[in-house]
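# What the coordinates show
Below are the chains, spelled out letter by letter.
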Amino acid sequence: QVQLVESGGGLVQAGGSLRLSCAASTSMFSINTMGWFRQAPGKQRELVAVITRGGSTNYADSVKGRFTISRDSAENRVYLQMNSLKPDDTAVYYCRALTNGADYWGKGTLVTVSL
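In this report, we go over the structure that sits alongside the text. Because the structure is a prediction, the values reported are computed rather than measured. Each residue is numbered by its place in its chain's sequence as written, counting from 1. For this predicted model, a pLDDT threshold of at least 70 governs which residues receive local features, and a threshold of 80 or more governs which side-chain atom pairs are given and counted, while totals over whole chains, interfaces and linings are taken from all residues. Each side-chain value is derived from all of the structure's non-hydrogen atoms; neither hydrogens nor water enter the calculation.

## Quick look at the state of the cysteines
Any pair of cysteine sulfurs within 2.5 Å is marked as a disulfide. Tallied over the entire structure, the rule returns one disulfide. One disulfide bridge connects C22 with C95, the sulfur atoms lying 2.1 Å from each other. An S-S torsion of about -80 degrees defines the bridge between C22 and C95 as left-handed. Within this pair, whereas C22 is found in strand β3 (residues 18–24), its partner C95 is found in strand β9 (residues 91–98), the two being separated by 73 residues in sequence. Each member of the pair C22 and C95 is classed as buried. The way it works is that DSSP assigns letters per residue, a run of H or I at least four long becomes a helix, a run of E at least two long becomes a strand, and they are numbered from the N terminus. Burial classes follow relative accessibility: with a 1.4 Å probe on protein chains only, a residue under 20% of its type's maximum area counts as buried, one over 50% as exposed, and anything between as partly exposed.

Right, here's the structure in full:
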């Protein structure tokens, strides 16, 4: 069982930055892929960024060049640095972890971007 706890959300003005953190309850070496997803009101949950155990990354087109995903294996954490935020980035952001046999989600952290 892997527990994921997100933090770092909040209210920010358009053009600002936030850094989200996801703390995993187990060693990162047992997790194949970690990622950030988001769900805006009235919309489906969508992928934001993922990072593999080997360090490969992938981003949604809407955040490329603005968001950066990274991992700290020593701290069992994954981060999402979000720059040049837009009102369309407003959503609940969820951390996800994939192991060989299971799929885990955090409870989410709310990001609100105002004009």
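## Looking at the pattern of salt bridges
Throughout this description, the term salt bridge denotes a Lys or Arg side-chain nitrogen within 4 Å of a carboxyl oxygen of Asp or Glu. Scanning all chains against the criterion turns up five salt bridges. Measuring nitrogen to oxygen at the nearest pair gives 3.1 Å for the salt bridge that ties K64 to D61. Its salt-bridge partner being R66, residue D89 comes within 2.8 Å of it at the nearest N-O pair. Here D89, found in the loop between β8 (77–82) and β9, pairs with R66, found in the loop between β6 (57–59) and β7 (67–72); they are 23 residues apart in sequence, far enough to count as distant. Here D89 matches R66 in class, with each residue buried.

## Re the environment of T109
Among the structural elements, T109 can be located in strand β11 (residues 109–114). With 90 residues separating them along the chain, T109 and R19 place their C-alpha atoms 11 Å apart. Contacts described as polar in this section are N or O atom pairs within 3.5 Å, which, within protein, must combine one atom able to donate a hydrogen with one able to accept it, while residues neighboring in sequence count only if both atoms come from side chains. Within the structure, the side chain of T109 is placed 3.2 Å from the backbone nitrogen of G9, a separation counted as a polar contact.

## Some remarks on the nonpolar core
Residues grouped as a nonpolar core are buried Ala, Val, Leu, Ile, Met, Phe, Trp, Tyr and Cys residues, joined through side-chain atoms within 4.5 Å. Core analysis: the largest hydrophobic core is formed by 31 residues, its most contacted members being L4, M34, W36, L80, M82 and Y93. Contributions of two or more residues to this core are made by β3, β4 (33–39), β5 (46–52), β7, β8, β9 and β11. Contacts are assigned to residue pairs that have any heavy atoms within 4.5 Å of one another. In this view, Y93 contacts E6, L20, W36, F37, R38, V48, F67, L80, M82, G108, T109 and V111; residues no more than four positions away in its chain are not counted.

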